[in-house]
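The lines below spell out each chain.
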Amino acid sequence: MEHSSFDRGDADGAARARYTQDMRRERHSVREALRSDLPAAHIGLGVTVITLIVVASLSGPRWTLIIGGAFSAWFLLALAVIHIGSGRGRDAVRRACIATFGWGNWI
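Now for a quick tour of the structure. Residue numbering note: each chain is counted from 1, following its sequence as written. Totals for whole chains, interfaces and linings use every residue, but because this is a predicted model, local features are given only for residues with pLDDT of at least 70 and side-chain atom pairs only at 80 or more, for both listing and counting. Water and hydrogen atoms play no part in the side-chain values, which are based on all heavy atoms of the structure.

Concerning the packing of helix H2 (residues 38–59) against helix H3 (residues 61–84)
Alright, step 1. At their nearest, the axes of H2 and H3 sit 7 Å apart, and the two run at 155 degrees to each other. Between H2 and H3, the angle falls in the class roughly antiparallel. Touching Thr 48, Leu 52, Val 55, Ala 56 and Ser 59 of H2 are Pro 61, Trp 63, Thr 64, Ile 67, Gly 68 and Phe 71, all from H3.
Alright, step 2. Just so you know the grouping, Ala, Val, Leu, Ile, Met, Phe, Trp, Tyr, Cys and Pro go in nonpolar, Asp, Glu, Lys and Arg go in charged, and all remaining residues, Gly too, go in polar. Here the contact of H2 with H3 is built from residues that sort into seven nonpolar, four polar and no charged. Axis definition: a line fit to C-alpha positions, over the contact stretch in the case of helices; interaxial angles, taken between N-to-C directions, run 0 to 180 degrees. Here a strand is any run of E in DSSP of at least two residues, a helix any run of H or I of at least four, and the numbering for each starts at the N terminus. Note on angle classes: values under 35 degrees are labelled roughly parallel, values over 145 roughly antiparallel, values of 65 to 115 roughly perpendicular, and the remainder oblique. Contacts were defined at the residue level, with two residues in contact if any of their heavy atoms lie within 4.5 Å.

Put into C-alpha cells, the structure is as follows:
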C-alpha cells in the first residue's frame, strides 16, 4: 500500500510541530536557568567592590584601576546598547546593571 503525498505531508507537518514545541520548551528552560534580577546584580556589584578593595590592598592601585575600568567599560557599553534599543532613564540603568553584575545570581 502506497502512501500518498498528502499523508507524508501530514507526517512531516506533525513532526515539525513536535520539533518546534520541543525547542520552545528547551529554550524556555534555558532562559529560566540563566535569568537574572536586580538582587542578583546587587550581589555581583558587592562582590566586585569587595574584590576591588582586596586587590587594592594587596597589589596597589594599578590592577584596581584596570579591573574597575573593565567593569565600568562593560557597564557603559551595556548602557549604550540598551539606550539605543529603546531603553530610557532608570530602566536602562537597571537593565545595564543586571547585564553587568547579574552573575551574582550564581555565587
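That was the structure; now back to the text.
Topic: the side chain of Thr 48
Alright, step 1. Summarising the element assignment, Thr 48 is placed in helix H2.
Alright, step 2. For Thr 48, a relative accessible area of 6% translates into the label buried.
Alright, step 3. One polar contact links the side chain of Thr 48 to the main-chain carbonyl oxygen of Gly 44, over a distance of 2.8 Å.
Alright, step 4. Every residue in contact with Thr 48, bar those within four places of it in the chain, is listed here: Phe 71, Phe 101 and Trp 103. Burial here depends on accessible area, computed with a 1.4 Å probe over protein chains only, as a share of the maximum for the residue type. Under 20% is buried, over 50% is exposed, and the range in between is partly exposed. Two N or O atoms count as a polar contact when they lie within 3.5 Å, although within protein this holds only if one can serve as hydrogen donor and the other as acceptor, and sequence-adjacent residues are included solely when both atoms are side-chain atoms.

Section: a nonpolar patch on the surface
Alright, step 1. A cluster of nonpolar side chains, Ile 43, Trp 103, Trp 106 and Ile 107, forms an exposed patch at the surface whose accessible area comes to about 440 Å².
Alright, step 2. Assignment of secondary structure puts Trp 106 in the segment after helix H4 (89–101). Only residues whose relative accessible area exceeds 30% and that form no salt bridge are eligible for patches; like-charged ones are grouped when within 9 Å, while nonpolar side chains (Val, Leu, Ile, Met, Phe, Trp, Tyr) are grouped when within 5 Å. Each accessible area is a Shrake-Rupley result for a 1.4 Å probe, and residues are judged covered by the shown protein chains and nothing else. Counted as salt bridges are all cases of a side-chain nitrogen of Lys or Arg within 4 Å of a carboxyl oxygen of Asp or Glu.

As for H2
Alright, step 1. What a helix should span is 1.5 Å times the count of its residues minus one. Under the 1.5 Å per step criterion, the end-to-end length of H2 is 31 Å for 22 residues, consistent within 8% with the ideal 32 Å.
Alright, step 2. Next to the buried residues of H2 lie H3 and H4.

Here we look at the side chain of Thr 64
Alright, step 1. Here Thr 64 lies in helix H3.
Alright, step 2. Separated by 3.0 Å, the side chain of Thr 64 and the backbone oxygen of Gly 60 make a polar contact.
Alright, step 3. Those residues in contact with Thr 64, other than ones at most four positions away along the chain, are Leu 52, Val 55 and Ala 56.

As for H4
Residue pairs three or four apart in sequence face the same way in an α-helix, which turns once every 3.6 residues.
Alright, step 1. Counted at 1.5 Å a residue, the expected span for H4 with its 13 residues is 18 Å, and the 18 Å between its end C-alpha atoms agrees.
Alright, step 2. The set of residues buried in H4 consists of Ala 92, Ala 96, Cys 97, Ile 98, Thr 100 and Phe 101.
Alright, step 3. Looking at the packing, one finds that the buried side of H4 touches H2 and H3.

With respect to the pattern of salt bridges
Alright, step 1. In this structure the tally under the stated criterion is three salt bridges.
Alright, step 2. Salt-bridge contacts for Arg 94 lead to Asp 91; the nearest nitrogen and oxygen are separated by 2.9 Å. With Arg 94 and Asp 91 both in helix H4 and three residues apart, this pair spans about one turn of that helix.
Alright, step 3. The exposure class of Asp 91 is partly exposed, given its relative accessible area of 32%.
Alright, step 4. Among the charged side chains, a salt-bridge network with shared partners connects Asp 91, Arg 94 and Arg 95.

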